[in-house]
Amino acid sequence: MREQFTGWPVQAMDVLLRLQGEPAKETRERCRADRERLVRQPMIALLNEVADADPRYDDFSVWHYRTGSWWWQHQSAVIRLGRKVEIGLRFSLDGLWLQAAWWYPDPGQVDAFRTAVASEGSGRELSAIIEDVRHKGYDVSGDLMKRPPRGFPADHPRAGLLRHRSLIAARTLGCEEWLHTPEAVDRVLSAATDLDALLMWLARHVNRTV
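A brief look at the structure comes next. Remember, it's a predicted structure, so these values are computed and weren't measured experimentally.

1. A few points about the overall build of the protein chain
Item 1. Helices and strands together make up the secondary structure of the protein chain, namely 7 helices and 6 strands.
Item 2. Relative to its 210 residues, the protein chain shows a buried fraction of 49%.
Item 3. Considering only intrachain contacts with a sequence separation of at least 6, the fraction spanning at least 24 residues in the protein chain is 65%.
Item 4. Of the accessible surface of the protein chain, which amounts to about 10,700 Å², a share of 49% is contributed by carbon and sulfur atoms.
Item 5. Charge-centre separation for the protein chain: the mean point of 29 positive side chains lies 8 Å from the mean point of 29 negative side chains.

Following this line, the structure appears as structure tokens:
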């Protein structure tokens, strides 16, 4: 039977505290079972409930453990909405963090992005979406060229967007009491709604390869 999400237990923070700094391999192994039960499994339960609320979010992965200590201190997950278009989540001592991202593009995706940005209709639409996302408190970043790419004028009205080779909108959702309750599902769904227009724009315009 699938585990119901009831929030991250308070003890999850205790486990992550034990993993701070550069914990020895022996320390990580002593924490493995508790971390799996208290940190990773709640993330899986959370994303199952998010997917139940909106079937578009049913393609998700919750990462296992890796050698680096960072991966033990941060529980990461992604929800895939298109080719290299994702919602990313991360649970840590800082609370829950969420981003919308188009990154690590496949061949042809950057050109498709630039074409859509340069186009008057889709480009203006993305500019308005970015302005709205920033207004809602998200930091917008990405891999940027120093200047607009060849073939586009330096004074193009969307020159800043044309410099992007990836596009990310992210913010911390917080580290309040709701993390330890089912309310976290609603917080994630609300953030996904904030980012829906951006994610759908990206899925329409860069969700292809050559």
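2. Details of the nonpolar core
One broad rule of soluble globular proteins: the nonpolar side chains tend to lie buried together.
Item 1. Among the nonpolar cores identified, the biggest contains 61 residues, and Leu46 and Phe91 are the most heavily contacted of them.
Item 2. The dominant element in this core, judged by the number of residues it contributes, is helix α7 (residues 183-206), at 11 residues.
Item 3. Here Phe91 is in contact with Trp8, Ala12, Met13, Leu16, Val39, Met43, Gln73, His74, Gln75, Leu96 and Leu179, once residues within four sequence places are set aside.

3. Some words on the environment of Trp8
Item 1. By the element assignment, Trp8 lies in the segment before α1 (11-18).
Item 2. Through-space distance from the C-alpha of Trp8 to that of Phe91 is 9.4 Å; in sequence the pair is 83 residues apart.
Item 3. In contact with Trp8, other than residues within four places in its own chain, are Leu38, Val39, Pro42, Met43, Leu46, Phe91, Leu96, Leu179 and His180.
Item 4. A polar side-chain atom of Trp8 sits 2.9 Å from the main-chain carbonyl oxygen of Val39.

4. Notes on the layout of surface pockets
Item 1. One number sums up the size of the largest pocket: a volume of about 240 Å³.
Item 2. Along the walls of the largest pocket sit 16 residues, with Trp63, Val78, Glu86, Gln99 and Trp103 positioned nearest its centre.
Item 3. Counting residues per element, the lining of the largest pocket draws most heavily on strand β3 (residues 85-92), which supplies 4 residues.
Item 4. Residues that form the lining of the largest pocket fall into these classes: 9 nonpolar, 3 polar and 4 charged.

5. Structural notes on the pairing of β3
Item 1. A large share of β3 lies buried, amounting to 7 of its 8 residues.
Item 2. One ladder, built from 7 bridges, connects strand β2 (residues 75-82) with β3; its direction is antiparallel. The residue of β3 that forms the bridge with Gly82 is Val85.
Item 3. The hairpin turn running from β2 into β3, its antiparallel successor, is 2 residues long, and Lys84 in that turn takes a positive phi close to 65°.
Item 4. Taken together, the 8 bridges between β3 and strand β4 (residues 95-102) define a ladder with antiparallel strand orientation. Each residue of the ladder has a partner; that of Gly88, found in β4, is Gln99.
Item 5. In sequence, β3 turns back onto β4 through a hairpin of 2 residues.

6. Details of α1
Think of an α-helix as 3.6 residues a turn; residues three or four steps apart then line up on the same face.
Item 1. Restricting attention to buried positions, one finds in α1 the residues Ala12, Met13, Val15 and Leu16. Seen end-on, α1 carries its buried residues on one side only, within an arc spanning 155°.
Item 2. Where the residues of α1 are buried, they touch α2 (25-53), α3 (69-73) and β3.

7. Remarks on helix α4 (residues 109-118)
Item 1. The buried count for α4 comes to 7 of 10 residues, which makes it a mostly enclosed element.
Item 2. Of all the positions in α4, only Gln109, Val110, Ala112, Phe113, Arg114, Ala116 and Val117 are classed as buried.
Item 3. Buried residues in α4 make contact with β4, α5 (120-135), α6 (159-162), β6 (167-174) and α7.

8. Here's the deal with the side chain of His156
Item 1. Relative to the helices and strands, His156 is located in the loop between β5 (139-141) and α6.
Item 2. Among all residues touching His156, those that are not within four sequence positions of it are Val117, Ala118 and Leu162.

Here is what the cut-offs are and how they apply
- Residues numbered from 1 in each chain as written.
- Predicted model: local features only at pLDDT ≥ 70, side-chain atom pairs only at ≥ 80, totals over all residues.
- Heavy atoms only, no water.
- Helix = DSSP H or I, 4+ residues; strand = E, 2+ residues; numbered from the N terminus.
- Buried < 20%, exposed > 50% of the residue type's maximum accessible area, 1.4 Å probe, protein only.
- Contact = heavy atoms within 4.5 Å.
- Areas by Shrake-Rupley, 256 points an atom, 1.4 Å probe, with all protein chains shown as cover.
- Lys, Arg positive; Asp, Glu negative; His and termini not counted.
- Charge placed at Lys NZ, Arg CZ, Asp CG, Glu CD.
- Core = buried A, V, L, I, M, F, W, Y, C linked by side-chain atoms within 4.5 Å.
- Polar contact = N/O pair within 3.5 Å; in protein donor to acceptor, adjacent residues only side chain to side chain.
- 1 Å grid on protein atoms, 1.4 Å probe; cavity = no way out; pocket = protein on both sides within 12 Å on 5 of 7 lines; lining within 4 Å.
- Points joined across faces, edges and corners; volume = space filled by probe spheres on them.
- Nonpolar A, V, L, I, M, F, W, Y, C, P; charged D, E, K, R; others polar.
- Pairing = 2+ DSSP bridges.
- Arc of directions from axis to C-beta.

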